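Examination of the molecular architecture
Residues per chain are reported as follows:
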Amino acid sequence: GGVMGLIVLIHLAATLYMTGLIWFVQLVHYPLMDGVSRGGFRDYEARHARRTGWVVGPPMLVELATAILLVLPGQDVGAGQARIGLGLLALIWLSTALLQVPLHRRLAGGFDPSAHRRLVATNWIRTTAWSARAVLVSSWLV
């Protein structure tokens, strides 16, 4: 209850939002990138990067901030579970920084079939981790 209960609800909302979004990206958005005309792909990728930042940046930051608050002493959820949730989030952020962002940078120079295949394949890391987080965080309300 109280402030910590509100933090858990905000955290859950951000996690569920990102989980739904990553499944859309994994099953629809990324696979369809190879259908963009080669001549227009650089502009497409630049517009994709610009627009995606507005859609994922705020909820990812809210999710991270609330995940950190939930591992602090005195929170309502189990400390071990909160740490597992934060660990999964660290995996997501590391995957984003070390794999998906560099692959998007490669694609920014023009469509590259191998970079595209790797983007779709490595994005399963984030899809799986966010799905696990959705189950974990939802269980805190039960």
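Our structure's up above, just so we're on the same page.
So, here is what we can say about the structure in this document.

Scoring rules and cut-offs
Residues numbered from 1 in each chain as written. Predicted model: local features only at pLDDT ≥ 70, side-chain atom pairs only at ≥ 80, totals over all residues. Heavy atoms only, no water. Core = buried A, V, L, I, M, F, W, Y, C linked by side-chain atoms within 4.5 Å. Buried < 20%, exposed > 50% of the residue type's maximum accessible area, 1.4 Å probe, protein only. Helix = DSSP H or I, 4+ residues; strand = E, 2+ residues; numbered from the N terminus. Contact = heavy atoms within 4.5 Å. Lys, Arg positive; Asp, Glu negative; His and termini not counted. Salt bridge = Lys/Arg side-chain N within 4 Å of Asp/Glu carboxyl O. Phe/Tyr/Trp six-rings, centres within 6.5 Å; stacked < 30°, edge-to-face > 60°. Expected span 1.5 Å × (residues − 1). Bend = angle between axes of the 7 residues up to and from the residue. Axes fitted to C-alpha atoms, helices over the stretch in contact; angles between N-to-C directions. Parallel < 35°, antiparallel > 145°, perpendicular 65-115°, else oblique. Left-handed = near helix turned anticlockwise from the far one by under 90°. Nonpolar A, V, L, I, M, F, W, Y, C, P; charged D, E, K, R; others polar.

**Concerning the nonpolar core**
The biggest cluster of nonpolar side chains holds 21 residues, and the ones touching the most others in it are Met 18, Tyr 30, Met 33, Phe 41, Leu 107, Leu 119 and Trp 130. Of all the elements in the fold, those that place two or more residues in this core are helix H1 (2-32), helix H2 (41-71), helix H3 (79-108) and helix H4 (113-139). Sequence-distant contacts of Phe 41, that is, excluding residues within four places in its chain, are made with Met 33, Val 36, Leu 107, Gly 110 and Phe 111. Val 8, Leu 70, Val 77 and Val 137 belong to the second-largest nonpolar core, a separate cluster that totals 10 residues.

**Here's the deal with the side chain of Glu 45**
As for its position among the elements, Glu 45 is in helix H2. Although Glu 45 lies buried, it forms no salt bridge, and the closest oppositely charged side chain, Arg 105, sits 9.5 Å away as judged by the N-O distance. Other than its neighbours up to four places away in sequence, Glu 45 contacts Met 33, His 104, Leu 107 and Ala 108.

**Section: the packing of aromatic side chains**
What the rule picks out here adds up to three aromatic pairs. Ring centres of Trp 23 and Trp 124 lie 5.5 Å apart, and the angle between their planes is 75°; on these two criteria the pair is classed as edge-to-face. You can see Trp 23 sitting in helix H1 and its partner Trp 124 sitting in helix H4, a full 101 residues away along the chain. Through pairs of rings, three or more aromatic residues link up here, namely Phe 41, Tyr 44 and Phe 111.

**Quick word on H1**
Its 31 residues place the ends of H1 44 Å apart at the C-alpha level, agreeing with the 45 Å of an ideal helix rising 1.5 Å per residue. Of all the bends in H1, the largest measures some 45° and sits at Val 25.

**Quick word on the environment of Gly 87**
Structurally, Gly 87 can be placed in helix H3. Taking relative accessible area as the criterion, Gly 87 reaches 39% and is therefore assigned partly exposed. Measuring from C-alpha to C-alpha, the distance between Gly 87 and Ala 67 comes to 9.6 Å, with 20 residues separating the pair along the chain.

**Remarks on the pattern of salt bridges**
Enumeration according to the criterion identifies three salt bridges in this entry. As a salt-bridge pair, Asp 43 and Arg 47 come within 3.5 Å of each other at their nearest N and O atoms. Taken as a pair, Asp 43 and Arg 47 lie in helix H2 at a separation of four residues, close to a single helical turn. Classification of Asp 43 by relative accessible area gives partly exposed; the value is 45%.

**Here's the deal with the packing of H1 against H2**
Between H1 and H2, the shortest axis-to-axis distance is 8 Å and the interhelical angle comes to 150°. The orientation of H1 relative to H2 falls into the category roughly antiparallel. The way H1 lies across H2 gives a crossing that is left-handed. Across the interface between the two elements, Met 4, Ile 7, Val 8, Ile 10, His 11, Ala 14, Thr 15, Tyr 17, Met 18, Leu 21, His 29 and Tyr 30 from H1 touch Tyr 44, His 48, Val 55, Val 56, Pro 59, Met 60, Val 62, Glu 63, Thr 66, Ala 67, Leu 69 and Leu 70 from H2. The class makeup of the residues in the contact of H1 with H2 is 18 nonpolar, five polar and one charged.

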